[in-house]
There are 2 protein chains.
Amino acid sequence: MVTATYHIAVDALGSESPTEHIVVGARDFITSNPDCTLTLIGRRRDFSDLPEDRCHIIDCPAAVPQHATLLDVLRNKRDSSLRTGLNLLAGKSVQALVSAGNSGALMVLGRQIVSALPGITRPTMIKQFTRSTGSFWMLDLGANLARRRSLLHEFARVGSAYASSVGGLKKPKVALLNIGAEAHKGPQYLRDTAVDLVRDPQVNFVGYVEAHLLFSGIADVVVTDGFTGNIALKSIEGALAIAQQYVRTSFKASDFPEEESVVNTVNSTLNAQTYNGASLVGLRGVIVKCHGNTNHIGIRSALALAKREIVAQVPQRLEAHFEQSQSKN
Amino acid sequence: MVTATYHIAVDALGSESPTEHIVVGARDFITSNPDCTLTLIGRRRDFSDLPEDRCHIIDCPAAVPQHATLLDVLRNKRDSSLRTGLNLLAGKSVQALVSAGNSGALMVLGRQIVSALPGITRPTMIKQFTRSTGSFWMLDLGANLARRRSLLHEFARVGSAYASSVGGLKKPKVALLNIGAEAHKGPQYLRDTAVDLVRDPQVNFVGYVEAHLLFSGIADVVVTDGFTGNIALKSIEGALAIAQQYVRTSFKASDFPEEESVVNTVNSTLNAQTYNGASLVGLRGVIVKCHGNTNHIGIRSALALAKREIVAQVPQRLEAHFEQSQSKN
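Below: a short report on this structure. (Residues numbered from 1 in each chain as written. Chains lettered and ligands numbered in written order. Predicted model: local features only at pLDDT ≥ 70, side-chain atom pairs only at ≥ 80, totals over all residues. Heavy atoms only, no water.)

Describing the relation of the copies chain A and chain B
To keep it simple, the criterion reads: Copies overlap after least-squares fitting; the atoms used are the C-alpha atoms of residues with pLDDT of at least 70 in both. Contact definition: two residues touch when any of their heavy atoms are within 4.5 Å.
The transform that puts chain A on chain B rotates by 180° and translates by 0.0 Å along the axis, for an RMSD of 0.0 Å. Within this description, the copies of the chain are treated as partners about a two-fold rotation axis. Here 100% of the contact residues of chain A are again contact residues in chain B; the copies associate through an equivalent surface.

Given below as structure tokens:
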């Protein structure tokens, strides 16, 4: 028997999809990852099918509602599944937390309960996208809506350190998301940030990237504010979803409407873009957010990502990176 | 012989794609539209193949360079193809101008040469997207980067009037693009704009729409600032392009790699999203902007859109709409 090395908590409430998906995703994950144990936080009866030796259950019927406001989240002191999970992470009982619940609550309570790494002012949401060759990462995807030069600079450093540790890239190419590639394009705060990034020896800044070239390989790390990043992410998701619809419709109208294999290949490739979760980075612990209406594959992918961040020691690497940069300043 | 009723100018320089595409697109268009004549502005020798009775050529070798800055554009007083086209439009020699050149220059010179309609402070870029049933329109797509409440309110009115005239919708559903559907979501200026729109009897405001639901039918008109709109538009374009790549790759790896018909159907459906041009509305004349690297189908679609706007009397309808709303205030 292998002794489990990695401990991951799952906030199993507050998701828009049925708990069954979480159960199936969790079982798939522990089956293929004998070095991991899970702590599932939710209604105990939902998890009776999971093996007790690998899955610890914390009975906690209270979820943060999907549509709770910031004030609701902060005022409500009851032990919601999310608070419970974050407390486990802060107390180092687990090394990572995966949640499919309310993202706003995750960000707000995450900062409150799990403290930020020294040198990092705001945790940020980052996600990996798959290109035909390799990947790119984009941040911030919604944790910070302010469009501030100093914040964007910080995101560039965090994104660069993240892509180095998780993606194994030596000098990730970092670009600012803008509406044109020329130096004079876009709003002032972006041009100011570009000036700062050119001067920062820790960031391999390659200039602006336009949104239709995100998948082109121009940049490994794409930096933007949380509002714009969220719009870009969801625009991509929406477009890929209609592309899947069109593929299915075109097949049905074709000479071989029975042929499902290609449709399935295309759709699973396109789905893959939205499967893996997004990570909240900059805190003293690994936090992965699943898509709100995820299925079991989404849960499994989010768990795999959480493990990957633990193995890559993302929080530790970020801390070292920012300590180093502070001592240089 | 049919007497031509509609006169459209084409700024044939400054495009990233070969002039040949413009020639083929123009020929396709006049063949199927006997009630239209074209005025092509560019190098005369490029258009020798087009029928003289339907196509007037203005020899003008000077283009606004694709990467010209704002200052370059304003300072350069030479008669570029774009200036020439805008002068024709302002002088009412033509009813519409189609350009595949520099969009920034088009917006800046458009405002300078062709005046804005009364009651409209800023012309705005709008584009139609095709859903599985019907369409939606999004604006602004890059003409105005400021995120101001009064501007967004104006865009909502312009978009609503545009969707009524071109799309034939009686009470178009208007939504603000945001990162959540709940009232408390997003930055302050969006929530302020929402308050204004709820109170405006001329706008059928339905709330916020998130970017992954753009194609869902929640909204007929999606309102946003030019920076965000440009990012959303290009994110959709980029995602549809990779979807096409995946479709082709999956087919090649399948049991019937020779079967091109479905690939072509899918790809032409997805292409259609980017074929039709975007319109610069709010000026005294119809202006349609083609995609920079458009092919002949893109040119033909942009010409068809220009004709559609002339027929629907978009500038006149907008003017009536804003006069009416001013007299009510």
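Let us keep going from here.
Examining the packing of helix α1 (residues 19–32) of chain A against helix α9 (residues 296–311) of chain A
All names here are of chain A. Stated precisely, the cut-off is as follows: What counts as an axis is a line fitted to C-alpha atoms, over the stretch in contact for a helix, and the angles between N-to-C directions run from 0 to 180 degrees. Strands are runs of DSSP state E lasting at least 2 residues, helices are runs of H or I lasting at least 4, and numbering of each runs from the N terminus. Each angle receives one of four descriptions, namely roughly parallel if under 35 degrees, roughly antiparallel if over 145, roughly perpendicular if within 65 to 115, and oblique otherwise. Put simply, a crossing is left-handed when the front helix is turned counterclockwise from the back one by less than a right angle, and right-handed when it is turned clockwise. Charged residues are taken to be Asp, Glu, Lys and Arg, nonpolar residues to be Ala, Val, Leu, Ile, Met, Phe, Trp, Tyr, Cys and Pro, and polar residues to be all remaining types, Gly included.
Orientation of α1 relative to α9, taken along the N-to-C sense of each, is 45°, at an axis distance of 7 Å. Taken together, the axes of α1 and α9 lie oblique to each other. At the point where α1 passes α9, the crossing takes the right-handed sense. In this structure, α1 contributes His21, Ile22, Val24, Gly25, Ala26, Asp28 and Phe29 to the contact, and α9 contributes His296, Ile299, Arg300, Leu303, Ala304 and Lys307. Residue classes in the contact of α1 with α9 are distributed as seven nonpolar, three polar and three charged.

What about the nonpolar core?
Nonpolar side chains tend toward joint burial in soluble globular proteins. Where we set the bar: Buried residues of nine kinds, namely Ala, Val, Leu, Ile, Met, Phe, Trp, Tyr and Cys, make up a nonpolar core once their side-chain atoms join them within 4.5 Å. To sort residues, take the accessible area from a 1.4 Å probe on protein chains only and compare it with the maximum for the residue type: under 20% means buried, over 50% means exposed, and anything in between is partly exposed.
With 222 residues, the main nonpolar core has A:Leu40, A:Leu214, B:Leu40 and B:Leu214 as its most contacted residues. When sequence neighbours within four positions are dropped, the list of residues in contact with A:Leu40 reads A:Val10, A:Ile22, A:Ala26, A:Phe47, A:Leu50, A:Cys55, A:His56, A:Ile57 and A:Ile58.

Considering the pattern of salt bridges
For clarity, the cut-off: The rule for a salt bridge is simple: a side-chain nitrogen of Lys or Arg has to be within 4 Å of a carboxyl oxygen of Asp or Glu.
On inspection of all chains with the given rule, the structure shows 20 salt bridges over all chains. Note that A:Arg284 is salt-bridged to A:Glu319, the shortest N-O span being 3.7 Å. Here A:Arg284 is found in the loop between β10 (278–281) and β11 (286–289), whereas its partner A:Glu319 is found in helix α10 (residues 314–328), with 35 residues between them in sequence. With a relative accessible area of 35%, A:Arg284 lands in the partly exposed category. The closest approach of N and O atoms between B:Asp196 and B:Arg149, which form a salt bridge, is 2.8 Å. Highlighted residues: B:Asp196 in helix α6 (residues 188–199) and B:Arg149 in helix α5 (residues 149–167), separated in sequence by 47 residues. Assessed through its relative accessible area of 17%, B:Asp196 is described here as buried. Taken together, the shared-partner salt bridges in this structure form one network comprising A:Arg43, A:Arg45 and A:Asp46.

Regarding the interface of chain A and chain B
Applicable threshold: Joining two parts hides part of their accessible area as seen by a 1.4 Å probe, and the buried area is that hidden amount summed over both. We define a polar contact as two N or O atoms separated by no more than 3.5 Å, with the added condition that, inside protein, one atom must be a possible hydrogen donor and the other a possible acceptor, whereas residues neighbouring each other in sequence contribute only through side-chain atom pairs.
Opposite the 50 residues of chain A that make contact, chain B presents 50 residues. Overall, the association of chain A and chain B removes approximately 4300 Å² of surface from exposure, summing both partners, and the carbon and sulfur fraction of that is 74%. The largest contributions to the chain A side of the interface with chain B come from A:Ile179, A:Phe227 and A:Tyr246, which together make up 16% of the buried area. Counting every contact that joins chain A to chain B gives two salt bridges. A:Lys234 serves as the salt-bridge partner of B:Glu210, at 2.5 Å between the closest nitrogen and oxygen. Where chain A packs against chain B, one counts seven residue pairs in polar contact (both at pLDDT 80 or more). Elements with a minimum of two residues in the side of chain A that touches chain B: α6 (188–199), α7 (226–252) and α8 (261–275) of chain A.

Here's the deal with the packing of α5(B) against α6(B)
All names here are of chain B. One can describe the packing of α5 onto α6 by two numbers: an axis separation of 9 Å at closest approach and a directional angle of 50°. In terms of orientation, α5 and α6 fall into the oblique class. The way α5 lies across α6 gives a crossing that is right-handed. Contacts from Arg149, Leu152, His153 and Ala156 in α5 reach Tyr189, Leu190, Asp192, Thr193, Asp196 and Leu197 in α6. Its residues assigned to classes, the contact of α5 with α6 comprises five nonpolar, two polar and three charged.

Looking at a nonpolar patch on the surface
Rule in force here: Think of a patch as exposed residues, more than 30% relative accessible area, with no salt bridge, where like charges cluster within 9 Å and nonpolar side chains (Val, Leu, Ile, Met, Phe, Trp, Tyr) cluster within 5 Å. Where accessible areas are quoted, they stem from the Shrake-Rupley method and a 1.4 Å probe; at the residue level, only the protein chains shown are allowed to cover.
On the surface, a nonpolar cluster with roughly 200 Å² of combined accessible area is contributed by A:Val206, A:Leu213 and A:Ile218. Among the secondary structure elements, A:Ile218 is positioned in the loop between β8 (204–209) and β9 (221–223).

As for the side chain of A:Asp11
Residues and elements named next belong to chain A. To keep it simple, the criterion reads: Positive charges come from Lys and Arg, negative ones from Asp and Glu, while His and the chain ends are left out of the count.
Mapped onto the elements, Asp11 comes out in strand β1 (residues 6–11). One buried charge, Asp11, has no salt-bridge partner; the nearest side chain with opposite charge is Lys289, at 8.6 Å. Within the structure, the side chain of Asp11 is placed 3.3 Å from the backbone nitrogen of Leu13, a separation counted as a polar contact. Setting aside anything within four residues of it in sequence, one finds Asp11 in contact with Ile41, Ser81, Leu82, Leu97, Val98, Ser99 and Ala100.

As for the packing of aromatic side chains
So the rule is basically this: Stacked, tilted and edge-to-face pairs are distinguished by plane angle, under 30 degrees for stacked and over 60 for edge-to-face with tilted covering the rest, among Phe, Tyr and Trp rings (Trp via its six-membered ring) whose centres lie within 6.5 Å. A ring has a charge above it when a Lys NZ or an Arg CZ is no more than 6 Å from the ring centre and no more than 35 degrees off the ring normal.
Within this structure, the stated rule accounts for six aromatic pairs over all chains. Ring geometry for A:Phe129 versus A:Phe215: centroids 6.3 Å apart, planes at 85°, classification edge-to-face. One end of the pair, A:Phe129, is in strand β5 (residues 124–130); the other, A:Phe215, is in the loop between β8 and β9, and 86 residues separate them in sequence. Summarising the burial analysis for this pair, A:Phe129 and A:Phe215 share the class buried. Through pairs of rings, three or more aromatic residues link up here, namely A:Phe129, A:Phe136 and A:Phe215. The cationic tip of A:Arg147 hangs over the ring face of B:Phe227; the distance from NZ or CZ to the ring centre is 5.4 Å.

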